Amino acid sequence: MSHLTEEVEEAKITVNEFVNGTKKLYIESYGCQMNFADSEVVASILRNNGYSTTSDVVEADLILLNTCAIRDNAEQRVRNRLSILNSNKRRNPGLKIGVLGCMAERLKTQFLEEEKMVDLVVGPDAYRDLPNLLQEVDEGHKAVNVFLSREETYADITPIRLDSNGVSAFISIMRGCNNMCSFCVVPFTRGRERSRDPHSVEKEARELFEQGYREVTLLGQNVDSYNWKTETESFNFAQLLETVALISPDLRVRFSTSHPKDITDDVLYTMKKYDNICNYIHLPAQSGSSRILQLMNRTYDREWYLGKIDRIREIIGEDCGISHDLIAGFCTETEEDHQDTLSLMDYVQFDYGYMFFYSERPGTPAAKKLKDDVSEEDKKRRLNEIIAKQQEHSLLRNQQAVGKIYKILIEGESKRSADDLCGRNDQNKMVVFPRKHYRKGQYVNVKVTSCSAATLKGEIVD
Ligand code: SAH
Ligand code: SF4
Ligand code: F3S
């Protein structure tokens, strides 16, 4: 795994804290934003069971790791972490350690056999059962619930916002995934796709706005296939987006992830219609080769993907931020396929991207039917070439922003200096600027004066 990707993943690990209750929960989250959102649901369920969170692992009565199974190294990191946490158990024999999330779902009871100090294994659809499972552990048993549901969306649970800047929050709008991308473990770890009641999404967004939040990101593995139906009502993603955008022009709306096969003109026109729906789309490509895309079972080809990019730029405009996910070295990938990926990048000039080399996941269609035959060396070299190209394009796209004025939602202090504030523009680019008398949660207009591949710098223009 490349340095860049490691950093990206590392940055996603957070330790969460809130105060309430008598027993102490320490929770760490790995993987995608949906897992982070789930940890907030877990904290809410456990608060009603007498737990408050702590960021100090030493004082914890319960340690939970909300895990990711997407690549082998994601799982490796959890195993390493568990062996470190084990020492806490020697010091505090009453301590309970639980594994939640996708790795729990993938390994099930095998986890208990492999990792002796784990007391509790809970899959993504079984968090309501946590109080009972903890009770079982208290009675001296190991506890497992990895049941996958067709209905569970946790719609009625108000998440406890962990590690929040008080300005932006995530809202899960659906769970699971019905696609069967051949490389991907998610359909096995998160089960069938189901959409959450739009009224509960709207209510959650409205409450966040009333509490002072100014940005919500609607989350799902494939938000464009959001589909809620009852006898009297039906909502697609474009309609949900519009409903949330109408809460207030001062509430920014983002969403992730879009699937190239599903993103519709309807969604693009809705984005265009509302200024507060941010002009930024994360549109994972996975590969630039139609042959590889077919083996991946992505159900679109290179031309379709590029057609979507053209459509985004036609409807929303040239300055819509676009990011990607790309996998280097998928089964049978040749040098020519790899060149197709690089040329796709040249065509699009993505603002940003998440880049990985292929990691075979047990049980997936690719693991069953295809040979993981690209050498580690080739995978890494190709990944590095993809990363180098992305660096060039990120810099280029950022340079195009220099001289322009953007509306920025202030997220807080810059990491480097307390004299500076930072926040994102519509296109999801981070901008750093001198604070003057402004505070987080406010909108300011900032003129961009310089940039690196990662950040824009600027000045507030009153
Ligand atoms: N639902 C999203 C992706 C979720 S997983 C979508 O369809 O785009 C996030 C990213 O991890 C994927 O886009 C893919 O690029 C990467 N990924 C998934 N499985 C992988 C594997 N087996 N090896 C390497 N990267 C993988
Ligand atoms: Fe995995 Fe594909 Fe579903 Fe994304 S759309 S979660 S890559 S199966
Ligand atoms: Fe990982 Fe599960 Fe998300 S495998 S990427 S935590 S859905």
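Here the structure is shown first, and the text comes after it.
A brief structural summary.

## Re the overall build of the chain
Tallying secondary structure elements over the chain gives 15 helices and 22 strands in all. Against the globule reference of 23 Å for 462 residues, the chain gives a C-alpha radius of gyration of 22 Å, in line with a compact fold. If one aligns the C-alpha atoms of the chain with their principal axes, the spans along those axes are about 65 × 55 × 55 Å. The buried share of the chain, taken over its 462 residues, is 57%. Within the chain, contacts between residues separated by at least 24 positions form 72% of all contacts whose residues are at least 6 apart in sequence. Here the chain displays about 19,400 Å² of accessible surface, and carbon together with sulfur accounts for 48% of that area. Between the centroid of the 61 positive side chains of the chain and the centroid of its 72 negative side chains there is a distance of 1 Å.

## Brief notes about the nonpolar core
A general feature of soluble globular proteins is that nonpolar side chains tend to end up buried together. One finds Leu 218, Phe 255, Ile 281 and Tyr 305 to be the most contacted residues of the largest nonpolar core, which totals 68 residues. Not counting the four nearest positions on each side in its chain, Ile 281 is found in contact with Phe 255, Ser 258, Ile 263, Leu 268, Met 271, Ile 312, Ile 316, Cys 320, Gly 321, Ile 322 and Ser 323.

## A few points about the packing of aromatic side chains
Under the criterion given, the structure shown has 7 aromatic pairs. Aromatic pair Tyr 127 and Tyr 154: ring centres 6.0 Å apart, planes at 15°, arrangement stacked. With a gap of 27 residues between them, Tyr 127 in the loop between β6 (120-122) and α6 (130-138) and Tyr 154 in the loop between β7 (143-145) and β8 (168-172) connect regions that are remote in the sequence. Each of the two residues, Tyr 127 as well as Tyr 154, counts as buried. On the basis of an interplanar angle of 70° and a centroid distance of 5.2 Å, the ring pair of Phe 237 and Phe 255 is categorised as edge-to-face. Of this pair, Phe 237 sits in helix α9 (residues 237-245) while Phe 255 sits in strand β14 (residues 252-256), placing them 18 residues apart in sequence. Ring pairing ties together the aromatic residues Phe 183, Phe 330 and Tyr 358, which thus form one cluster. A cation sits over an aromatic face here: Arg 71 above Phe 356, 3.6 Å from the ring centre. When the ring centre of Tyr 443 is taken as origin, the NZ or CZ atom of Lys 407, which lies over that ring, is 4.4 Å away.

Conventions adopted
Residues numbered from 1 in each chain as written. Chains lettered and ligands numbered in written order. Predicted model: local features only at pLDDT ≥ 70, side-chain atom pairs only at ≥ 80, totals over all residues. Heavy atoms only, no water. Helix = DSSP H or I, 4+ residues; strand = E, 2+ residues; numbered from the N terminus. Rg over C-alpha atoms; globule rule 2.2 N^0.38 Å. Buried < 20%, exposed > 50% of the residue type's maximum accessible area, 1.4 Å probe, protein only. Contact = heavy atoms within 4.5 Å. Areas by Shrake-Rupley, 256 points an atom, 1.4 Å probe, with all protein chains shown as cover. Lys, Arg positive; Asp, Glu negative; His and termini not counted. Charge placed at Lys NZ, Arg CZ, Asp CG, Glu CD. Core = buried A, V, L, I, M, F, W, Y, C linked by side-chain atoms within 4.5 Å. Phe/Tyr/Trp six-rings, centres within 6.5 Å; stacked < 30°, edge-to-face > 60°. Lys NZ or Arg CZ within 6 Å of the ring centre and 35° of its normal.

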